[in-house]
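For reference, the chains in residue letters:
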Amino acid sequence: MLITIVAGARPNFVKVAPIIRAIQAAQDEGARIDYRLVHTGQHFDQKMSGDFFDQLKIPAPHANLHCSAGTVIQQTASIMCQIEDELVQNKPDIVLVVGDVTSTMAAAIAAKKLGIHTAHVEGGIRSGDLNMPEELNRIVTDAISDTFFTTSKTASANLIESNIPEEKIHFVGNTMIDTLLFHLQDIQKPNFWDALNLKAKNYFLLTLHRPSNVDDPVKLQALLTEIASLTRHAQVVFPAHPRTLKCIESNHINCYSIQIIPPQPYLEFIYLIKNAKAIITDSGGITEEATILDVPCITMRNTTERPETVTHGTNELVGEDMGLLAKMLNKIEKGDWKLNQGPALWDGKTAERIVNILLCKKD
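Residues numbered from 1 in each chain as written. Predicted model: local features only at pLDDT ≥ 70, side-chain atom pairs only at ≥ 80, totals over all residues. Heavy atoms only, no water.

1. Here we look at the sheet that holds strand β11 (residues 278-281)
- In space, the 6 strands of this open sheet follow the order β10-β9-β8-β11-β12-β13, with parallel pairing throughout. Both edges of this open sheet fall to β10 (259-261) and β13 (315-317), since each of them pairs with a single strand only. Across the sheet, the mean angle from the axis of one strand to that of its neighbour is 25°, orientation sign disregarded.
- Strand direction decides the pairing type here: strand β12 (residues 297-299) and β13, joined by 3 bridges, are parallel. What sits directly across from Ile298, in β13, is Glu316.
- Packed on one face of the sheet, helix α12 (residues 285-292) meets β8 (203-207), β11, β12 and β13 and runs near 170° to β11. (Pairing = 2+ DSSP bridges. Helix = DSSP H or I, 4+ residues; strand = E, 2+ residues; numbered from the N terminus. Axes fitted to C-alpha atoms, helices over the stretch in contact; angles between N-to-C directions. Contact = heavy atoms within 4.5 Å.)

Here is the structure:
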């Protein structure tokens, strides 16, 4: 069995690393399974891509499509065209796509047009917000995939409600957590830690990258002003996504005492999450890592595609309500955060389950 694994952006790399390890382990046990790793090139910044291959010990991709240029629509078209050539030349039995980025949707469409069985890792997650580019990617990918690996029972239920037959849905857990647990002993103190005089559990970690939060300079300035004011008694460390940093610099946005740092490699970023007093973010994936590391997390969105981080984890949604943000920060100061129950099957063994299911497939 040959599986083409498609990755193109930072979250993808975190999710495919344990799957590759699980395939290699199955090979060592005599299973007839192999893979080709195809990097679409969607992310080209070294901190957002290259460092992840090194730190996560991902083998060099068999192909790099270099599809980093242009608008989202142009990039989607480029990935579809380039990956069509890859799949025709090296026809796999299964194309495995992960997550919800542009590469995920584009690769799934190309694979299905070529009549290749398509499996979606992290299928079924939904925010209910069609203004999120990722939501459209999820819906399209799930509409055409053949096999679904889900991170929660909620995601499985979303697929069933979309008339996906239950036998195609496999609740296996979260490969992002596989990577987190596998590398937890290897996390590294960032090189700026001492220079900023950071201390464990004495700073807030901030991340903002959603277009709805960072593309409007007036809104971004207002957010940073409020966050700086509400956290004035502690340091705030802000690894700025390239799109966010561009908006800050081009519009001369005042970040006050917030410490802007470059995007961090995986091991350093997990160190920052683990040692933070709390996290303020608009990311989805970070809420998962915060839950496993038992760090309070405040999400500046009205919806989440990962509701288990709210119902069973450490995450709370505040949207754009600065009063609610202040209330949540006060709870953190008082040590009054909710009990973390931990989502089911987030145990570090998800990739093994995925590979075992793939090995059982006959078509």
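Right, picking up where we left off after that structure.
2. As for the packing of helix α9 (residues 217-230) against helix α14 (residues 322-333)
- One can describe the packing of α9 onto α14 by two numbers: an axis separation of 11 Å at closest approach and a directional angle of 30°. Comparing their axes, α14 and α9 come out roughly parallel. As α9 packs across α14, the resulting crossing turns out to be right-handed. Contacts between α9 and α14 involve Leu223, Glu226, Ile227 and Leu230 from the first element and Met322, Leu325, Ala326 and Leu329 from the second.
- Of the residues assigned to the contact of α9 with α14, the class counts are 7 nonpolar, no polar and 1 charged. (Parallel < 35°, antiparallel > 145°, perpendicular 65-115°, else oblique. Left-handed = near helix turned anticlockwise from the far one by under 90°. Nonpolar A, V, L, I, M, F, W, Y, C, P; charged D, E, K, R; others polar.)

3. Here's the deal with the pairing of strand β6 (residues 147-150)
- Going residue by residue along β6, you find Thr147 and Phe149 tucked away on one face and Phe148 and Thr150 tucked away on the opposite face as well.
- Of the pairings in the sheet, the one linking strand β5 (residues 117-121) to β6 comprises 3 bridges and is parallel in character. In the strand pairing of β6, Ala119 is matched with Thr147.
- The parallel pair β5 and β6, bridged by helix α5 (residues 133-144), forms a crossover whose chirality is right-handed.
- Judged from the 3 bridges that link them, β6 and strand β7 (residues 169-171) form a sheet pairing that is parallel. Within β7, the residue paired with Phe149 across the bridge is His170.
- What joins β6 to β7 is helix α6 (residues 153-161), and the crossover it makes is right-handed. (Buried < 20%, exposed > 50% of the residue type's maximum accessible area, 1.4 Å probe, protein only. Right-handed = clockwise from strand over helix to strand, strands pointing away.)

4. Points about the environment of Ile20
- Relative to the helices and strands, Ile20 is located in helix α1 (residues 10-28).
- Taking the C-alpha atoms as reference points, Ile20 and Ser212, separated by 192 residues in sequence, lie 34 Å from one another.
- Among residues more than four places away in sequence, those in contact with Ile20 are Ile5, Tyr35, Leu37, Ile58 and Pro59.

5. Notes on α6
- All of the buried residues in α6 are Ala155, Ser156, Asn158 and Leu159. Viewed along the axis of α6, the buried residues span an arc of 155°, placing them on a single side of the element. Along α6, exposed side chains directed more than 90 degrees from the buried face belong to Lys153 and Glu161.
- If you follow the buried residues of α6, they end up packed against α5, β6 and β7.
- Two residues or fewer past α6, Asn163 is found with a positive phi of approximately 70°. (Arc of directions from axis to C-beta.)

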